[in-house]
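# What the coordinates show
Residues per chain, in single letters:
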Amino acid sequence: MTTITYIEPGGERITVSVNEGWSLMQGAIANGIAGIVGECGGSCACATCHCYVEEARLAALPAPTEGELGMLENVAAERRPNSRLACQLKAGPAIEGLVLELPETQE
């Protein structure tokens, strides 16, 4: 299990355990985190799991694929340098304790 903290749009911090290998989108949905929609079910086709990764931890994550970068062009909220899609981030030891901030809107 990997501990991840999600900061919901209203500012509430929720820390949950996500099964290793699961996407952080799956972890959010399984734990009822407000602010993650995941309309496409995690296939990197909708951008409704947009999140902001704590900047100090960006280097610990795999680089976004061309597909993810393309979908980030379609996010509903402000795109920032630390924007990622939670469906493309997998739980595992390298991201233990990661904090994700969720935008005000996904649609």
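To keep things clear, this report deals only with the structure shown in the data block. Keep in mind it's a predicted model, so treat the numbers as computed, not measured.

## Here's the deal with the pairing of strand β1 (residues 2-7)
For β1, a buried count of five out of six residues is recorded, marking the element as mostly surrounded by other parts of the structure. The hairpin turn running from β1 into strand β2 (residues 13-18), its antiparallel successor, is five residues long, and Gly-11 in that turn takes a positive phi close to 100 degrees. When β1 meets strand β5 (residues 98-101), the two strands line up parallel, connected through four bridges. Looking at β5, one finds that Ile-4 is bridged to Leu-98.

## Quick notes on the nonpolar core
In this structure, Ile-4, Tyr-6, Leu-24, Leu-85, Leu-98 and Leu-100 are the most contacted members of the largest nonpolar core, which totals 27 residues. Among the elements of the structure, β1, β2, α1 (24-30), β3 (50-53), α2 (66-72) and β5 are those that each provide at least two residues to this core. In terms of residue count, α1 provides more of this core than any other element does, three residues in total. Ignoring anything within four residues of it in the chain, the contact list for Leu-24 reads Ile-4, Tyr-6, Ala-86, Leu-89, Lys-90, Ala-91, Ile-95, Leu-98 and Leu-100.

## Structural notes on the side chain of Glu-8
With respect to the element layout, Glu-8 can be found in the loop between β1 and β2. Notably, Glu-8 is buried but unbridged: the nearest opposite-charge side chain belongs to Arg-13, and the N-O separation is 11 Å. A polar side-chain atom of Glu-8 sits 2.7 Å from the main-chain amide nitrogen of Ala-34. Those residues in contact with Glu-8 that lie beyond four places of it in its chain are Ile-14, Gly-32, Ile-33, Ala-34 and Leu-102.

How each quantity is defined
- Once a new chain begins, its residue numbering starts again from 1 and follows that chain's sequence as written.
- pLDDT decides what is reported in this predicted model: residues at 70 or higher carry local features, side-chain atom pairs at 80 or more are listed and counted, and totals for whole chains, interfaces and linings draw on all residues regardless.
- The side-chain quantities take in all heavy atoms of the structure and omit both hydrogens and water.
- Partly exposed describes any residue whose relative accessible area lies between the buried limit of under 20% and the exposed limit of over 50%, with all areas from a 1.4 Å probe on protein chains only and scaled to the type maximum.
- Numbering of helices and strands runs from the N terminus; a helix is a DSSP stretch of H or I covering at least four residues, while a strand is a stretch of E covering at least two.
- If DSSP finds at least two bridges between two strands, the strands pair.
- Buried Ala, Val, Leu, Ile, Met, Phe, Trp, Tyr and Cys residues form a nonpolar core when they are joined through side-chain atoms within 4.5 Å.
- Any two residues whose heavy atoms approach within 4.5 Å are treated as being in contact.
- Under the counting rule used here, the positive set is Lys and Arg, the negative set is Asp and Glu, and His together with the chain ends is not counted.
- For this analysis, a salt bridge means a side-chain nitrogen from Lys or Arg found within 4 Å of a carboxyl oxygen belonging to Asp or Glu.
- Whenever a nitrogen or oxygen atom comes within 3.5 Å of another N or O atom, the pair is scored as a polar contact, on the condition that within protein one atom can donate a hydrogen and the other can accept it, and that pairs from neighbouring residues in sequence are kept only if both atoms are in side chains.

Geometric values such as these leave the question of function open.
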